[in-house]
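Reading the structure
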Amino acid sequence: MLSERRLEVLRAIVQDYVGTEEPVGSKALTERHRLGVSPATVRNDMAALEDEGFIAQPHTSAGRIPTDKGYRLFVDKLAGVKPLSSPERRAIQNFLDGAVDLDDVVGRTVRLLAQLTRQVAVVQYPSLTRSTVRHVELLPLATARVMLVLITDTGRVEQRMVDCPTPITEDSLADLRARLNSRVVGRRFADVPQLVQDLPESFEQEDRGTVSIVLSTLLETLVEETEERLMIGGTANLTRFVHDFPLTIRPVLEALEEHVVLLKLLGEAKDSGMTVRIGHENAHEGLNATSVVAVGYGSGDEAVAKLGVVGPTRMDYPGTMGAVRAVARYVGQILAES
């Protein structure tokens, strides 16, 4: 275990390096921070921190920089989450309140996160596997053609065309709509197949074919839409940190183009707490020089998706964690009210 003083020295090194982009020396530390000890003592503490792998000496510079291990200790033990100011919180609320639908909410969230953190923002669409049915609408388009509209509790809307085997009257369609909604509204997608399996048998013989086709279209929609969708923004922000990537920025850009990689980075939505993955903790090799800060968001106690940012390991962790958490909270409120 590190002593309190050495933890304070590490905190000071991380803060200075993140703020100045320059390796940090003992003289600068004693001038900038009230450590209460001499530069010689700080030098000894820095030597101990280096021996234990928390800081390292880049090139032949006299200064030191934090390692992944040093940043990890900083995040776990030393960094609080920096709360946003009242004007920042108001700006977030005003910007997100203007959203007209789910795509707009996700799009605005990505832009907002990228602006607030000046990193790459990634927002996962609410997953249908964790959603519930708000309403199923059936609209007659022709005598034997119906539009099925599925609306989820998170505001997601899916539309499908259904060609019926025989003409269906508006009364029969209204009856099907009412019976279908009475069974599925408020229920999880995973439960829907069992809830509707005997529904065709409750209709007259001549309508059963149409009811079966409408139900199979609904179930196909549920299956298709379990595929996760993402929106990403602020990639240009990475160009401000080119010197933070050892060789080239290309592996990072290539990794960000792979949605499967990003979904793994964000992690499981059910793990709704804040996660911070630093440097080599990211399994994808192209992201070994980056850190990922992610958190779940949802319209209640349970997260339905994740959002977060990707940036260099030399990141303002307290500020980034505060911004990510605040934005997730506001998006959750909007989904709850929508």
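Preceding this paragraph is the structure being described.
Note that the coordinates shown come from a computational prediction; the quantities given were computed from them, not determined experimentally. (Residues numbered from 1 in each chain as written. Predicted model: local features only at pLDDT ≥ 70, side-chain atom pairs only at ≥ 80, totals over all residues. Heavy atoms only, no water.)

Next up on the list: the packing of aromatic side chains. Applying the stated rule across the entire model yields 1 aromatic pair. Seen in terms of ring centroids, Y71 and Y317 are 5.6 Å apart; in terms of plane orientation they differ by 50°. Their pairing is tilted. Of the two residues, Y71 is situated in helix 4 (residues 68-78) and Y317 in helix 12 (residues 317-337); the sequence distance between them amounts to 246 residues. Exposure remark for Y71: the relative accessible area of 2% places this residue in the buried category. The residue whose ring lies beneath K69 is F54, and the NZ or CZ to ring-centre distance is 4.6 Å. Positioned above the aromatic ring of F95 is the side chain of R108, whose terminal nitrogen or guanidinium carbon lies 5.3 Å from the ring centre. (Phe/Tyr/Trp six-rings, centres within 6.5 Å; stacked < 30°, edge-to-face > 60°. Helix = DSSP H or I, 4+ residues; strand = E, 2+ residues; numbered from the N terminus. Buried < 20%, exposed > 50% of the residue type's maximum accessible area, 1.4 Å probe, protein only. Lys NZ or Arg CZ within 6 Å of the ring centre and 35° of its normal.)

What follows is about the sheet that holds strand 6 (residues 157-163). Two pairing modes exist for strands in a sheet, parallel and antiparallel, and in both the strands are linked by backbone hydrogen bonds. Taken in spatial order, the 3 strands of this open sheet run 4-5-6, and their pairing is antiparallel. Each edge of the open sheet carries a strand with a single partner, namely strand 4 (133-142) and strand 6. Ignoring strand direction, the axes of neighbouring strands in this sheet form an average angle of 20°. Here helix 7 (residues 170-184) sits on the sheet in contact with strand 4 and strand 5 (145-152), set at roughly 165° to strand 4. (Pairing = 2+ DSSP bridges. Axes fitted to C-alpha atoms, helices over the stretch in contact; angles between N-to-C directions. Contact = heavy atoms within 4.5 Å.)

Bringing the sheet that holds strand 9 (residues 290-297) into the picture now. Sheet architecture is open: 5 strands sit in the order 7-3-10-9-8, paired in antiparallel fashion. The two strands at the open ends of the sheet, each matched to only one other strand, are strand 7 (230-233) and strand 8 (275-278). In this sheet, adjacent strand axes meet at a mean angle of 15° when their direction is disregarded. Of the pairings in the sheet, the one linking strand 3 (residues 120-124) to strand 10 (residues 305-312) comprises 4 bridges and is antiparallel in character. By the bridge assignment for strand 10, V120 is matched with V310.

In this section: the packing of helix 4 against helix 12. Relative orientation of the contacting elements helix 4 and helix 12 amounts to 55°, with a least axis distance of 11 Å. In terms of axis orientation, helix 4 runs oblique to helix 12. Helix 12 is crossed by helix 4, and the crossing has right-handed handedness. When helix 4 is examined against helix 12, the residues Y71, F74 and V75 are found in contact with a partner set consisting of Y317, P318 and M321. (Parallel < 35°, antiparallel > 145°, perpendicular 65-115°, else oblique. Left-handed = near helix turned anticlockwise from the far one by under 90°.)

What follows concerns the pairing of strand 5. For strand 5, the tally of buried residues reaches 6 of 8 residues, placing the bulk of the element in the interior. Here strand 4 pairs with strand 5 via 8 bridges, running antiparallel. Counterpart to V136 in the pairing with strand 5 is L150. Linking strand 4 back to strand 5 in an antiparallel pair, the connection comprises 2 residues. In this sheet, strand 6 lies alongside strand 5 in antiparallel orientation, the contact comprising 7 bridges. Its bridge partner being in strand 6, M147 is matched across the sheet by M161. Where strand 5 folds back on strand 6, the antiparallel hairpin that results is connected by 4 residues, among which G155 adopts a positive phi of roughly 90°.

Attention now goes to the layout of surface pockets. Approximately 680 Å³ is the volume found for the largest pocket. Around the largest pocket sit 26 residues that line it, and D244, F245, P246, A289 and T313 are the ones nearest its centre. Those elements that place two or more of their residues in the lining of the largest pocket are strand 2 (65-66), helix 4 and helix 10 (250-256). Among the residues forming the lining of the largest pocket, the class breakdown is 13 nonpolar, 8 polar and 5 charged. Among the domains, domain 1 (2-75) and domain 2 (84-125 + 227-335) are the pair contributing at least three residues each to the lining of the largest pocket. In this model, the second largest pocket occupies a volume close to 400 Å³. What lines the second largest pocket is a set of 19 residues, and nearest its centre among them are L116, T117, R118, D316 and T320. Looking at the lining of the second largest pocket, the elements that each hand over two or more residues are helix 1 (4-20), helix 6 (102-117) and helix 12. In terms of residues, the lining of the second largest pocket owes the most to one element, helix 12, which gives 3 residues. Counted by class, the lining of the second largest pocket contains 7 nonpolar, 5 polar and 7 charged residues. When we break the lining of the second largest pocket down by domain, the ones giving at least three residues each are domain 1 (2-75) and domain 2 (84-125 + 227-335). (1 Å grid on protein atoms, 1.4 Å probe; cavity = no way out; pocket = protein on both sides within 12 Å on 5 of 7 lines; lining within 4 Å. Points joined across faces, edges and corners; volume = space filled by probe spheres on them. Nonpolar A, V, L, I, M, F, W, Y, C, P; charged D, E, K, R; others polar. Domains from an automatic or database assignment.)

Moving on to unusual backbone geometry. Glycine aside, a negative phi is what most residues show, and trans is what most peptide bonds show. Even without being glycine, E21 reaches a positive phi, approximately 65°. Here E21 falls in the partly exposed class, since its relative accessible area comes to 38%. The residue R118 is not glycine, and still its phi comes out positive at about 55°. For R118, the position within the fold is in the loop between helix 6 and strand 3.

Turning to the packing of helix 1 against helix 3 (residues 39-51), a few remarks are in order. For any two helices packed against each other, one specifies the inter-axial angle together with the distance between the axes. As a packed pair, helix 1 and helix 3 sit with axes 10 Å apart at the nearest point and diverge in direction by 85°. For the element pair helix 1 / helix 3, the angle class is roughly perpendicular. Counted together, R5, R6, V9, L10 and I13 of helix 1 and T41, V42, N44, D45, M46, A48 and L49 of helix 3 form the full contact between these two elements. Of the residues contributing to the contact of helix 1 with helix 3, the split by class is 7 nonpolar, 2 polar and 3 charged.

Everything listed here is a matter of coordinates, which is why it stays silent on function.
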